[in-house]
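# Observations on the three-dimensional arrangement
Here is what each chain is made of, one letter per residue.
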Amino acid sequence: METYDALLTRRSIRKYLKDPVPPDLINKIMMAPIWAPSGSNTQPWRFYVASGKKRDELIQAMIHASGPEAPSMDAYDQLVERVDQIRAAMTENNTAEVGIRRTSEEGAKFIRYGSIRFYQAPVVIIVATPKQMGGSSHQSIGAAVQNILLAAHAEGLATCWLGMPMAFKDKIIQVLNIPDDVELVTTISLGYPDKNSAINKLIMPRLPFEEIVTYRS
Ligand SMILES: Cc1cc2nc3c(=O)[nH]c(=O)nc-3n(C[C@H](O)[C@H](O)[C@H](O)COP(=O)(O)O)c2cc1C
């Protein structure tokens, strides 16, 4: 895929097929962050990739930690179907508006519960940084994460950058046995997109070019 095609057509994907991602392909995608730029070439990123039983265990632990009001898997699947319609309609009517409009409680629930389930993607990537690096590493990590998103997209896979699971850092550390010399920063879901789901056709609007770019000469 050509670079501009990749960066203009990548989208956050929130419904995945159950198909597993071949390990060789995961490896290929995980080469992409290695070549991201970083401050003083510190390469302050570490990745923990969960799939199979560990991914199942992680999702179960997150649901459990999110409290008794978390909907069951069946109830969540039904929610996805309703939110597909709500959100598709919202985008058509509000293309000029930026951000996820949480006008409906169902929309908010979908994002909240979907995020802590990594939208049920077959692969979950946990992004961490060595504790000694401190907060200054986060700019470099952003570049590394974007490399993963674009590499996955170029391979016909889909992702969603997910900050919400950070509310349950302890669970992630415990289930994936993450060493205590790293700090968790963010997470990414990875898998094959369900191309029939309306939620995946969502194109979030962008600010006008003139508002974000100013030339001086
Ligand atoms: C730092 C960061 C955290 C995010 N966290 C979440 C999240 O927890 N749940 C979610 O559904 N999307 C999350 N997103 C995805 C954004 O909602 C999405 O990128 C934005 O709406 C633009 O849509 P697009 O990625 O399809 O272009 C996050 C994105 C970033 C960069």
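To start, this report covers the structure provided alongside it. (Residues numbered from 1 in each chain as written. Predicted model: local features only at pLDDT ≥ 70, side-chain atom pairs only at ≥ 80, totals over all residues.)

### Thoughts on the environment of Asn-27
Put simply, the rule reads: Every helix listed is a DSSP run of H or I at least four residues long, and every strand listed is a run of E at least two residues long, numbered separately from the N terminus. The exposure scheme places C-beta atoms from the backbone and then counts, for each residue, the other C-beta atoms within 10 Å of its own, assigning buried at 20 or more, exposed at 12 or fewer, and partly exposed in between.
Mapped onto the secondary structure, Asn-27 falls in helix H2 (residues 23-29). With 10 C-beta atoms counted inside 10 Å, the residue Asn-27 sits in the exposed group.

### What about the site of the ligand?
The following threshold applies: Any residue whose backbone-placed C-beta atom lies within 6 Å of a molecule or strand is treated as near that molecule or strand. Asp, Glu, Lys and Arg are counted as charged, while Ala, Val, Leu, Ile, Met, Phe, Trp, Tyr, Cys and Pro are counted as nonpolar; the rest, among them Gly, fall into the polar class.
As a structural note, the neighbourhood of the ligand is formed by 12 residues, with Arg-11, Ser-12, Gly-163, Met-164 and Met-204 the closest of them. Among the secondary structure elements, those contributing two or more residues to the shell around the ligand are helix H5 (105-116) and strand S3 (158-162). Considering every element that reaches the shell around the ligand, the biggest residue donor is S3, with 3 residues. A breakdown of the residues in the shell around the ligand according to their chemical character gives 7 nonpolar, 3 polar and 2 charged.

### Focus on the sheet that holds strand S1 (residues 46-50)
Worth spelling out the cut-off: Think of it this way: DSSP has to see at least two bridges between two strands before they count as a pair. Whenever a helix is involved, its axis is fitted only over the stretch in contact; in every case the axis is a line through C-alpha atoms, and angles between N-to-C directions fall within 0 to 180 degrees.
In spatial order, the strands read S1-S2-S4-S3; together these 4 strands make up an open sheet with antiparallel pairing. Looking at the sheet topology across the chains shown, the edges are occupied by S1 and S3. Taken over all neighbouring pairs, the strand axes of this sheet differ in orientation by 25° on average, direction set aside.

### Focus: the packing of helix H3 (residues 52-65) against helix H7 (residues 169-176)
Going by this rule: By the definition adopted for this analysis, an angle is roughly parallel if under 35 degrees, roughly antiparallel if over 145, roughly perpendicular if from 65 to 115, and oblique otherwise. By the definition used in this description, the sense in which the near helix is turned from the far one sets the handedness, with an anticlockwise turn below a right angle giving left-handed and a clockwise turn giving right-handed. Contact criterion: two residues are in contact if their C-beta atoms, reconstructed from the backbone, are within 7 Å.
Interaxial distance between H3 and H7 falls to 10 Å at its minimum, and their mutual angle equals 150°. Of the possible angle classes, the one that applies to H3 and H7 is roughly antiparallel. The handedness of the crossing between H3 and H7 is right-handed. Residues Lys-54, Glu-57, Leu-58, Ala-61, Met-62 and Ala-65 of H3 form the contact with H7, whose own contacting residues are Lys-171, Ile-172, Val-175 and Leu-176. Residue composition of the contact of H3 with H7, grouped by class: 7 nonpolar, no polar and 3 charged.

### Overview of unusual backbone geometry
Here the phi dihedral of Ser-40 falls at roughly 50°; this positive angle occurs in a residue that is not glycine. Inspection of the secondary structure puts Ser-40 in the loop between H2 and S1. According to the C-beta neighbour criterion, Ser-40 is exposed, with 8 such atoms within 10 Å. Phi is positive for Gln-120, close to 60°, though the residue is something other than glycine. Here Gln-120 is to be found in the loop between H5 and strand S2 (123-130).

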